[in-house]
Amino acid sequence: MEYYHYILLSGAFAFILSFVWLIYTSSTSRRNKEELPTTPSMADNQTADRALQMSQNRKCQLSKMAETADIIIVGAGVAGSALAYALGKDGWQVHVIERDLTEPDRIVGEYLQPGGYLKLLELGLQDCVNGIDAQQVFGYILSMDGKNCKLPYPLENFHPDVAGRGFHHGPFIQKLRQKVASLPNVKLEEGTVGSLIEEKGTVKGVKYKSKAGNDQTANAPLTIVCDGCHSNLKRSLCIPKVDFPSCYVGLVLENCELPFSSHGHVALADPLPLVFYPISSNEVRCLVDVPGQRVPSISTGEMARYLKTVVAPQVPPELYTAFLASIEKGNIKSMPNRSMPAAPYPTAGALLIGDAFNMRNALTGGGMTVALSDVVLPVASTINALSDALYKVFGKSTDPAREEMRQACFDYLSLGGIFSSGPISILSGLNPCPWCLLLHFFAVVTYGVMRLLLPFPSPKRMWIGARMILGASGIIYPIIKAEGVRQMFFPVTVPAYHRTTPVNLAKENKILK
């Protein structure tokens, strides 16, 4: 508690320095990239929304004029289904093409932050979490070295129904698709899109293979690609720089109680965190983060041995028996932990959203919240930056400076009050302000350095403190640069593409006049 005044004063100073650095970086980046293409992202979602807000008469005339859909959506996952429903409710003729309409079975897409639930409410899709045994979650428990830090969501000013939700991914997706299929002006079709149709630099539609195996084409003035992390179309619309820092191994723990009910649990284990959250009334999802791109083989039993010998001793005692039972049951799944900053370039007639456009570390469970926010209003940059920064901070290291940073972050969050509610509001999607993220990040650094220097600094402690500052800067600044300084902190200064619908407006205007 005696460090509060140091945190506030030094944090404010660090914040001012960061602001100056960001202004400088922004202007330098703009000069260096003037000749490089930048693009519609759903950071340009607001512009896409404006593009889609024609008058009803104009839409009717355009539909009569054309024999095609108004909009093609590639993918019917979280982002694609939510967008199709929103556009369909507004009266647009929407053609959705999804590779596989059977119920998916995945170990991700099972946690929805409170901010994501608010987006469901805005879209009228909140009933999609009903009837699937979804569990309300009211915050996180952060565990380290036998100590627990409770991080409740700041939900005091929201309706009691607003909370995080844990559930099985497949039933939730099917509920979204049922809502889409209920609209008469939305066509939901199973098919595999192979490529975009381009004419003179403008996307006019897609080529796809129907469920029956027939080659088909679909045309529309606007094509929105949201077919997930495995998208084969994103290379046509962005420069995908995908990072694979680790792999997640997923287990379902049955008939067990979390140490703190209705909370997600993150254990800062060695070498990487363990994540637990409820996905039904009697099941808990466990995600084990395994470093590297290659994990021990599941089929040979090597993975089971790794989980029993390396991971099990670090599992909370309340979950230990269920963890071992899940390993013996053998239903072990794995997936790469992907991170991909947005790097689009302008392509008239097309947009990217969801994981096809941008991915962040899965540690904070922000993927579906970002996907739904893409449909309503973009807040991806803040969640992306926080996810990737926390992942790097929480990983165990042999570097004393990194370990001090890890401990400082845990203790800072343990202070409670604004020191915990501020970061958790960002993580939950309730507060998309990037300046708050930057302020809390450097407040953590300042807190850690002050602990080293007080009451009496030593040369060794001063050296660790200096390296801690450099290490923290090396974590946050590349993440901000990858997200885009202007896009993240000064979005109103970013040129807006597609301020009008990406069709041949000159021809259309002549017809409508």
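Cut-offs and rules
Every chain is numbered on its own, with residues counted from 1 as its sequence reads. A pLDDT threshold of at least 70 governs which residues receive local features in this predicted model, and a stricter bar of 80 or more applies before side-chain atom pairs are shown or counted, although totals over entire chains, interfaces and linings include all residues. Heavy atoms from the whole structure form the basis of all side-chain values; hydrogens and water molecules are not counted. Here the rule is simple: two strands pair whenever DSSP picks up at least two bridges between them. Only DSSP runs of H or I reaching four residues or more are called helices, and only runs of E reaching two or more are called strands; each is numbered from the N terminus. The axes used here are C-alpha line fits, helices contributing only the stretch in contact, and every angle between their N-to-C directions lies in the interval 0 to 180 degrees. Note on contacts: a residue pair qualifies if any of its non-hydrogen atoms lie within 4.5 Å across the two residues. The scheme is simple: roughly parallel for angles under 35 degrees, roughly antiparallel for over 145, roughly perpendicular for 65 to 115, oblique for anything else. Lys, Arg, Asp and Glu make up the charged group, whereas Ala, Val, Leu, Ile, Met, Phe, Trp, Tyr, Cys and Pro make up the nonpolar group; the residues left over, Gly among them, are polar. pLDDT expresses how confident the predictor is about each individual residue, on a scale running from 0 to 100. Side-chain rings of Phe, Tyr and Trp, where Trp is taken by its six-membered ring, are said to pair if the distance between their centres is within 6.5 Å; with planes under 30 degrees apart they count as stacked, over 60 as edge-to-face, and otherwise as tilted. UniProt positions are given in the numbering used here, feature names are shortened, and annotations may be inferred rather than shown by experiment. Throughout, exposure labels follow a simple rule: accessible area from a 1.4 Å probe, protein chains only, divided by the maximum for the residue type, with under 20% read as buried, over 50% as exposed, and the rest as partly exposed.

> Before we move on, could you go through the sheet that holds strand β8 (residues 186-199) and cite the residues and values that matter?
Spatially, 7 strands are ordered β10-β9-β8-β2-β1-β11-β17 in an open sheet, and the strand pairing comes out mixed. In this open sheet, the two strands that pair with only one neighbour each are β10 (215-219) and β17 (350-352). Going from strand to strand, the sheet's axes swing by 35° on average, the running direction of each strand aside. Looking at chain direction, strand β2 (residues 94-98) and β8 are connected through 5 bridges and run parallel. Bridged to V96 within β8 is L188. Sitting on the sheet, helix α4 (residues 78-89) is in contact with β1 (71-74), β2, β8 and β11 (222-225), with an inclination near 160° to β1.

> Which residues make up the sheet that holds strand β6 (residues 147-152), and what values go with them?
Ordered by their spatial adjacency, 7 strands build an open sheet running β6-β5-β13-β14-β15-β12-β16, and the pairing between neighbours is mixed. A strand with exactly one partner marks an edge of an open sheet, and here the two such strands are β6 and β16 (333-339). Neighbour-to-neighbour, the strand axes of the sheet open up by a mean angle of 25°, direction not taken into account. Where strand β14 (residues 274-280) lies against strand β15 (residues 283-291), 6 bridges are found, and the strand directions are antiparallel. Bridge pairing in β15 links F276 to C286. Sheet strands in contact with helix α11 (residues 400-414) are β5 (139-144) and β6, and its direction is about 55° off that of β6.

> Lay out the packing of helix α13 (residues 434-453) against helix α14 (residues 459-483) in plain terms, naming residues and giving numbers.
Running from N to C, α13 and α14 point in directions that differ by 170°, and their axes come no closer than 9 Å. As summarised for this structure, α13 and α14 are arranged roughly antiparallel, according to the angle between their axes. Residues L438, F441, F442, V444, V445, G448, V449, R451, L452 and L453 of α13 form the contact with α14, whose own contacting residues are R461, M462, I464, G465, M468, I469, A472, S473, I475, I476, Y477 and I480. Tallied by class, residues from the contact of α13 with α14 come to 17 nonpolar, 3 polar and 2 charged.

> Any chance you could break down the confidence of the model for the protein chain for me, citing the residues and the numbers?
For the protein chain, mean pLDDT is 83; residues scoring 70 or higher make up 82% of the total. Scored below 50 in pLDDT, residues 1-10 makes 18 contacts in the model with residues more than four places away or belonging to other chains. Scored below 50 in pLDDT, residues 497-513 shows 34 contacts in the model against residues more than four places distant or in partner chains.

> Can you lay out the packing of aromatic side chains for me, pointing to particular residues and giving the numbers?
Scanning the model with the defined rule gives 10 aromatic pairs in all. Where Y111 meets Y277, the ring centres are 5.6 Å apart and the plane angle is 55°; that geometry is what we call tilted. Highlighted residues: Y111 in strand β3 (residues 111-112) and Y277 in strand β14, separated in sequence by 166 residues. Ring plane angle 85° and centroid distance 6.1 Å describe the contact between Y140 and Y153, whose orientation is recorded as edge-to-face.

> Got a sec to walk through the UniProt feature "transmembrane region" (unreviewed entry) in the protein chain? Specific residues and values, please.
The sites that carry the UniProt feature "transmembrane region" (unreviewed entry) are, in the present numbering, residues 6-24, 437-456 and 462-480. What you have in residues 437-456 is 85% helix and 0% strand, and the ends, taken at the C-alpha atoms, are 30 Å apart. Secondary structure content for residues 462-480 is 100% helix and 0% strand, while the C-alpha to C-alpha distance between its ends is 27 Å.

> Could you give an account of helix α5 (residues 114-123), with specific residues and numbers?
Here α5 lies mainly inside the structure; 7 of its 10 residues are buried. On the buried face of α5, the contacting elements are α4, β3, β7 (164-166), α6 (169-181) and α9 (367-376). Phi for G124, located one or two positions after α5, is positive at around 75°.

> Before we move on, can you summarise the side chain of H169 with the specific residues and values?
With respect to the helices and strands, H169 occurs in helix α6. Judged by its relative accessible area of 5%, H169 is buried. Apart from residues no more than four positions distant in its own chain, H169 is found in contact with P104, R106, V108, G109 and E110.

> Could you give me a rundown of the pairing of β6, with the residues and numbers involved?
Bridge count for β5 against β6 is 6 bridges, and the pairing is antiparallel. What sits directly across from I141, in β6, is K150. Counting the residues in the hairpin turn of β5 and β6 gives 2 residues, including D145, whose phi is positive at 55°.

> I'd like to hear about helix α12 (residues 418-427), residue by residue, with values.
Residues separated by three or four positions in an α-helix point in the same direction, a consequence of the helix having 3.6 residues per turn. Of all 10 residues in α12, 8 are buried; the element is thus mostly enclosed. Every buried residue of α12 is accounted for by F419, S420, G422, P423, I424, S425, I426 and L427. Within two residues after α12, G429 carries a phi angle of roughly 85°, on the positive side.

> Which residues make up unusual backbone geometry, and what values go with them?
The peptide bond linking D270 to P271 adopts the cis configuration, its omega dihedral lying at 10°. Considering the arrangement of structural elements, one finds P271 in the loop between β13 (264-267) and β14. Residue P455 is reached from L454 by a cis peptide bond, and omega for that bond is 0°. Turning to its location among the elements, P455 is positioned in the loop between α13 and α14. Residues other than glycine seldom take positive phi values, yet K200 does so here, at roughly 55°. Looking at where K200 falls in the secondary structure, it is placed in the loop between β8 and β9 (202-210). Accessibility expressed as a relative area gives 88% for K200, which makes it exposed. The residue S262 is not glycine, and still its phi comes out positive at about 60°.

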